[in-house]
Amino acid sequence: MKKVLFGVFSVVGVALAMYTFSPIKKGDQAPQSADKTVAIKWMSWQEAVEANKKEKKKIFIDCYTDWCGWCKKMDASTFTDPKVAELMNKHFYAVKFDAEQKENIVFDNHTFKYIASGSRGVHELAYALLDGQLGYPAFVYLDEKFQRVTISPGYKTPEQIMPELKFVGEGHYNGKTYEQYVKSTK
């Protein structure tokens, strides 16, 4: 029995060695699949403002904080979904906005600053975008003229955020409520 096992392992070992060290001709290789993973092209606020000057697009703002667990979960799941990324990149300039960032932002002749409060603070732009409703994550949809279309608070799965992205991105909000839009898609 030991001789049979030794023989089998020897044959397998020789075959494996021959396969591993055999020269491969260029045409013999299996075609390498290109990585088709689509990723959201995240921008800073200022990058989105500058990009919008060249090509008008709607703006999607992800208001997050470094300590927000649900924000991190969305980054790891929802925002890595290829369908979400494709739709986001098609219709929006996607902005990652730390609602507690300390850098000033000048927009529309106004300087938005960080306001310290207790152990944490808030950036004035986040406060303005969210109408003071500071729960995270929260998403703000703006039109091409930086006018707010809607605020969408809370964690969203890809299935939950896709209708929102289509509703705003495709302009259905002009003449329909979100509820009417969702009903019409069922």
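Since the structure is predicted, the reported quantities are computational estimates derived from the model, not experimental observations.

Brief notes about the state of the cysteines
Here comes step 1: Tallied over the full model, the rule gives one disulfide.
Here comes step 2: The partner cysteine of Cys68 in its disulfide is Cys71, sulfur to sulfur 2.4 Å. Judged by the sign of its S-S torsion, about 85 degrees, the cystine formed by Cys68 and Cys71 is right-handed. Each of the two residues, Cys68 as well as Cys71, counts as buried.

A word on the side chain of Ser152
Here comes step 1: Here Ser152 lies in strand β9 (residues 148-153).
Here comes step 2: Apart from the residues within four sequence positions on either side, Ser152 is in contact with Ala138, Phe139, Tyr141 and Glu164.

Description of the packing of aromatic side chains
Here comes step 1: Inspection of every chain in the model, using the stated rule, returns 16 aromatic pairs.
Here comes step 2: The interplanar angle of 75 degrees and the centroid separation of 5.1 Å between the aromatic rings of Trp42 and Phe79 together place this pair among those described as edge-to-face. Within this pair, whereas Trp42 is found in strand β1 (residues 42-43), its partner Phe79 is found in the loop between α3 (69-76) and α4 (82-91), the two being separated by 37 residues in sequence.
Here comes step 3: The class of Phe79 is buried, set by a relative accessible area of 5%.
Here comes step 4: A connected cluster of aromatic rings, assembled from ring pairs, spans Trp42, Phe60, Phe79, Phe92, Phe139 and Tyr141.

Some remarks on the environment of Leu134
Here comes step 1: If you trace the backbone, Leu134 turns up in the loop between α5 (124-129) and β8 (138-142).
Here comes step 2: In this view, Leu134 contacts Val122, Ala126 and Tyr127; residues no more than four positions away in its chain are not counted.

Some details on the confidence of the model for the chain
Here comes step 1: Per-residue confidence for the chain gives a mean pLDDT of 84, with 81% of residues at or over 70.
Here comes step 2: In the predicted structure, residues 1-35 sits below a pLDDT of 50 and forms one contact with residues beyond four places in sequence or in another chain.

Observations concerning helix α6 (residues 158-169)
Here comes step 1: Given a rise of 1.5 Å per residue, 12 residues ought to cover 16 Å, and the 15 Å separating the end C-alpha atoms of α6 matches this to within 8%.
Here comes step 2: Residues of α6 that are buried: Pro158, Ile161, Met162, Glu164, Leu165, Phe167, Val168 and Gly169.

Parameters and conventions
- Residues numbered from 1 in each chain as written.
- Predicted model: local features only at pLDDT ≥ 70, side-chain atom pairs only at ≥ 80, totals over all residues.
- Heavy atoms only, no water.
- Disulfide = S-S within 2.5 Å.
- Buried < 20%, exposed > 50% of the residue type's maximum accessible area, 1.4 Å probe, protein only.
- Helix = DSSP H or I, 4+ residues; strand = E, 2+ residues; numbered from the N terminus.
- Contact = heavy atoms within 4.5 Å.
- Phe/Tyr/Trp six-rings, centres within 6.5 Å; stacked < 30°, edge-to-face > 60°.
- pLDDT = per-residue confidence, 0-100.
- Expected span 1.5 Å × (residues − 1).

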